[in-house]
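Chains, contacts and geometry: an overview
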Amino acid sequence: MAIHNIEIANIFNKLANLLEIANENPFRIRAYRNAARVIGGLSHNAADLVEDGGDLTGLPGIGKDLAEKIRIIVKTGELPLLKKMEKRVPPVLNELLKIEGLGPKRVQLLHKKLGIQNLNDLKKCIESGKLRKLRGFGEKAEQKILSGMQHIREYSQRVKLVDAITIERSIIQYLKKSKYVKKVECAGSFRRRKETVGDLDIVVASSDTKKSIEYFVRFDEIATVVSQGNTRSTVRLHSGIQVDLRSVPLESYGAALLYFTGSKAHSIAIRKLAQKKNLKLNEYGIYKGNKKVAGKTEEEMYRQIGLAYIEPEIREDRGEIELARKHQLPRLITLKDIRGDLHCHTNATDGDASIEMMAQKAQELGYQYIAITDHSKHLAMAHGLNEKRLFAQIKLIDKLNSKLKNIVILKSIEVDILEDGSLDLPKNILKELDFTVCSIHSKFNLNSKKQTGRIIRAMDNPFFNILAHPTGRLINQREPYEIDLEKIMESAKERNCILELNAQPERMDMDDIHCKIAKELRLKMAISSDAHSKSQMDYIKFGVYQARRGWLEATDVINTRTVSELKKLFRRS
DNA sequence: GCCGTTTTCGGCCCGACTGTTTTCAGTCG
């Protein structure tokens, strides 16, 4: 069984937690956490690298020892040191760490002094008053732990970006009304446009940081104020999401924005870079001795440590710092580069607008073209098109095209890839289309070899153009189906096929890491809304965010091209 | 456990808030 990067990262994180509870060397613990982050953020499978006999010690923070441990995990699926630690420290203590307010030191104390092994023990100790007798615990701690125990599961899921946006908007609108707030922006993974966010990190520039915090905690969507100081505050909203607000003077705004945008890996890397140049970098600025040399803007901060400005979406320590040093960063695609949408449904199947209405929306967005891609007959529940109905739709589009001036409607279909790898409609009708979008809507549970083979066989069909939502995953709902995505990308490249970046907020399929791999393979991608209504065509922006996170430039994305360029691309031979 | 153009030993990113303490450890980001 193949070991994924995330599993290696989980093992190291678990080990780090146990070592911490066992009071081991904090720097050794940090080394494991760092390794977990590095492996978790890799764009290729560490397991493949091990199988190919590659050298892992080239990775930052991975030395001889960790490389060997990774090799053992890949070969055996487990790590002896973790087993050993689990004998020393009951692994259930790992669970206690998930309670807000409980860290390794206190969990260790609870285990040692009160013999607490699980949540139930902990609850009993609080009820019997044993807990507050412990040094360092009091009444407040009791309450915090009790409420923390209830929220372990409730808040564990990350929020989709599309949902976070509406919450962010209302916080920002509220803050902008205060006279103490000069500038405000949501930083963190929200600003990096990750597909999901854990919490919202708001950065404020203020003439009076204390007053701005006092204003913030009066926001009417707040359920509880977790902490409140002169420069920062943490709150929990009624929606369940946590919001951290940080308020700094205007001259430190850039530094605070940089610091709280992260990612953590990026922040640490640039901090180390500053240190090498004998500078100190923190959330207030860059300091040469006691003298502040930057802080007001992010541009100034980057410049001061010898880097070009790095867009938030790629601040992940995945090679961007080295390129910024050489001024060779990619010119990331923007929404303005998009000239059309290549995946849209109408009320002929499961959409809710007509072809004309969708075309009108495309014009409003400033597009040059829109492709109509309704479902094919196999998807009966969506009333998929058979040959006859598709033929009628083709005729209708021809008629509309002869009438319409500023927009071209491309004839297409989202055709099902059947279990044997054949397409759901015969070639004699597919050849009447401008191109096809092909996708899997059934038999999600085939094993990797079968599922991968199914897709590659489909690509052998000369009328196959774009593979839609390549992994089928639904964020927080459904795992990707088992496929060898890298093999599919290579096969697509060989056959002049294109992969879709599906911009539906719950799909965001492919993810950032695979977009970056596609770019490295020089494989072209299409960013598509998969809209089922006029308003959903706006989802294209989520696709652009994801593409930017995957380092894509306009040239990597086919729907930045003109109609005639596209038509040439779709002729595979 | 990692790392090195001051180092193969002795450092390791940095600061805020809370609660319980009476000067600071623990936790968090």
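Here the structure is a predicted model, which means the values were calculated and not measured. (Residues numbered from 1 in each chain as written. Chains lettered and ligands numbered in written order. Predicted model: local features only at pLDDT ≥ 70, side-chain atom pairs only at ≥ 80, totals over all residues. Heavy atoms only, no water.)

**Thoughts on the protein's contact with DNA strand B**
Rules: By convention in these notes, a residue is near a molecule or strand provided one of its non-hydrogen atoms lies within 4 Å of it. N or O atoms within 3.5 Å of each other form a polar contact, as long as, within protein, one can give a hydrogen and the other can take it, and as long as residues adjacent in sequence are counted only when both atoms are side-chain atoms. Going along the chain from the N terminus, every DSSP run of H or I of four or more residues is numbered as a helix, and every run of E of two or more is numbered as a strand. Three classes are used, and their members are as follows: Ala, Val, Leu, Ile, Met, Phe, Trp, Tyr, Cys and Pro are nonpolar, Asp, Glu, Lys and Arg are charged, and the others, Gly among them, are polar.
Among the 46 residues in the neighbourhood of DNA strand B, the closest are listed as R30, G103, G138, Q228 and R271. In DNA strand B, atoms within 4 Å of the protein come 75% from sugar and phosphate. With respect to DNA strand B, the backbone of G138 contributes an N or O atom lying 2.4 Å from a phosphate oxygen. For the surface near DNA strand B, the elements supplying multiple residues, two or more each, are α2 (26-40), α4 (64-76), α7 (104-114), α9 (139-154), β5 (222-228), β7 (242-248), α14 (264-276) and β8 (280-282). With five residues, α2 is the single largest residue contributor to the surface near DNA strand B. Partitioned by chemical class, the residues of the surface near DNA strand B number 13 nonpolar, 14 polar and 19 charged.

**Focus on the sheet that holds strand β18 (residues 525-528)**
Heads up, the condition is: When DSSP finds at least two bridges between two strands, those strands are taken to pair. Residue contacts are defined here by distance: any two heavy atoms, one from each residue, within 4.5 Å place the two residues in contact. Only the stretch in contact is used when fitting a helix axis, every axis being a line fitted to C-alpha atoms; angles between N-to-C directions are given from 0 to 180 degrees.
Taken together, five strands build an open sheet; the order of strands is β14-β15-β16-β17-β18 and the sheet is parallel. Only two strands of the sheet have a single neighbouring strand rather than two, namely β14 (414-416) and β18. As paired strands, strand β15 (residues 437-439) and strand β16 (residues 466-467) are joined by two bridges and run parallel to one another. In the sheet register, C438 faces β16, and the bridge partner there is L467. The strands that helix α23 (residues 540-549) touches are β17 (498-502) and β18; relative to β18, the one it contacts most, it runs at about 145°.

**Considerations on the packing of aromatic side chains**
We count it as follows: Pairing of aromatic rings covers Phe, Tyr and Trp, the last through its six-membered ring, and needs centres within 6.5 Å; plane angles under 30 degrees mean stacked, over 60 mean edge-to-face, and all others mean tilted. A 1.4 Å probe rolled over the protein chains alone gives each residue an accessible area, and that area as a share of the maximum for its type sets the label: buried under 20%, exposed over 50%, partly exposed in between. Two conditions define a charge located above a ring, namely a distance within 6 Å from the ring centre to NZ of Lys or CZ of Arg, and an angle within 35 degrees of the ring normal.
In this structure the tally under the stated criterion is nine aromatic pairs. Relative to Y32, the ring of F12 has its centre 5.8 Å away and its plane inclined at 40°; by these criteria the two rings are tilted. You can see F12 sitting in helix α1 (residues 5-21) and its partner Y32 sitting in helix α2, a full 20 residues away along the chain. The exposure classification of F12 matches that of Y32, with both residues buried. Ring geometry for F542 against Y545: centres 5.9 Å apart, planes inclined by 85°, an arrangement best described as edge-to-face. With F542 and Y545 both in helix α23 and three residues apart, the pair spans about one turn of that helix. One exposure class covers both F542 and Y545, and it is buried. Above the plane of the ring of F137 lies R106, whose end atom (NZ or CZ) is 4.6 Å from the centre. Directly above the ring of W551 sits K516, whose terminal nitrogen or CZ lies 4.4 Å from the centroid.

**Some points on the domain arrangement of chain A**
To be explicit about the condition: All the domain ranges listed were derived from an automatic or database domain assignment. In this description, buried area is defined as the sum, over both parts, of the accessible area (probe of 1.4 Å) that is lost when the two are combined. The working definition used for a salt bridge is a side-chain nitrogen of Lys or Arg within 4 Å of a carboxyl oxygen of Asp or Glu.
Domains assigned within chain A are domain 1 (5-141), domain 2 (157-248), domain 3 (250-329) and domain 4 (335-570). Between the C-alpha centres of domain 3 and domain 4 the distance comes to 39 Å. At the interface, eight residues of domain 3 touch seven residues of domain 4. Overall, the association of domain 3 and domain 4 removes approximately 720 Å² of surface from exposure, summing both partners, and the carbon and sulfur fraction of that is 48%. Taken as a group, E313, I314 and R318 account for 76% of the area that domain 3 buries against domain 4, more than any other trio of residues on that side. At the junction of domain 3 and domain 4, the tally comes to four salt bridges. Of the charged contacts in the structure, one is a salt bridge between R549 and E316, with a shortest N-O distance of 3.1 Å. Counting every contact that joins domain 3 to domain 4 gives five residue pairs in polar contact (both at pLDDT 80 or more). When the residues that make up the side of domain 3 that touches domain 4 are grouped by side-chain class, the tally is two nonpolar, one polar and five charged.

**Some remarks on the pairing of β18**
As a reminder of what qualifies: Seen with its strands pointing away from the viewer, a crossover is right-handed if its path from the first strand over the helix to the second goes clockwise.
The side-chain alternation of β18 yields two buried faces, one formed by M525 and I527 and the other by A526 and S528. Of the strand pairs in this sheet, β17 and β18 are connected by four bridges, and their pairing is parallel. Bridge pairing links L499 to M525 in β18. The β-α-β motif built from β17, the intervening helix α22 (residues 512-520) and the parallel element β18 has right-handed crossover chirality.

**Overview of empty space enclosed by the protein**
What counts, and what does not: In the cavity and pocket records, a cavity denotes points on a 1 Å grid over the protein atoms alone where a 1.4 Å probe fits but cannot get out, a pocket denotes an open set with protein on both sides within 12 Å along at least 5 of 7 lines, and lining residues are residues with an atom within 4 Å of a point. Grid points are joined across faces, edges and corners, and a volume is the space filled by probe spheres set on the points.
Considering all chains together, one arrives at one cavity of 30 Å³ or more under this definition. Space inside the largest cavity adds up to approximately 40 Å³. Taken together, D201, I202, R232, S233, D244, L245, R246 and F260 form the lining of the largest cavity. Contributing elements (two or more residues each) for the lining of the largest cavity: β4 (199-206), β6 (232-237) and β7. Taken together, the residues of the lining of the largest cavity sort by class into three nonpolar, one polar and four charged.

**Description of the sheet that holds β6**
One open sheet accounts for five strands, arranged β2-β4-β7-β6-β5; its pairing is mixed. Every other strand in the sheet has two partners, leaving β2 (181-186) and β5 as the edge strands with one partner each. Strand after strand, the sheet turns through a mean of 20° between neighbouring axes, direction not considered.

**Structural notes on the side chain of R315**
Its location among the elements puts R315 in the loop between α15 (298-304) and α16 (320-325). Here Y309 takes part through its side chain, which lies 3.4 Å from a polar atom of the side chain of R315. Of note is the side chain of R315, whose polar atom sits 2.9 Å from the backbone oxygen of I310. With sequence-adjacent residues up to four places away left out, R315 is seen in contact with R191, R192, L258, T261, G262, S263, H266, E298, Y302, Y309, I310 and E320.

**Digging into the environment of D398**
Tracing the backbone shows D398 in helix α18 (residues 387-403). Along the primary structure D398 and V408 are separated by 10 residues, whereas in three dimensions their C-alpha atoms are 9.9 Å apart.

**What to know about the pairing of β4**
Counting buried positions along β4 yields seven of eight residues, so the element is predominantly enclosed. Relative to β4, β2 is paired through five bridges, and the arrangement is antiparallel. Paired with K183 across the two strands is A205, which belongs to β4. Bridge count between β4 and β7: seven bridges; the pairing is parallel. What sits directly across from L200, in β7, is V243.

**Considerations on α1**
Formally: Expected span, for any helix, means 1.5 Å times one less than how many residues it has.
A rise of 1.5 Å per residue sets the reference length of α1, with its 17 residues, at 24 Å; its end C-alpha atoms lie 25 Å apart and thus fit the reference within 8%. Taken together, the buried residues of α1 touch α2, α3 (46-51), α4, α5 (80-88), α6 (93-96) and α7. Downstream of α1 by one or two residues, N23 has phi in the positive range, about 65°.

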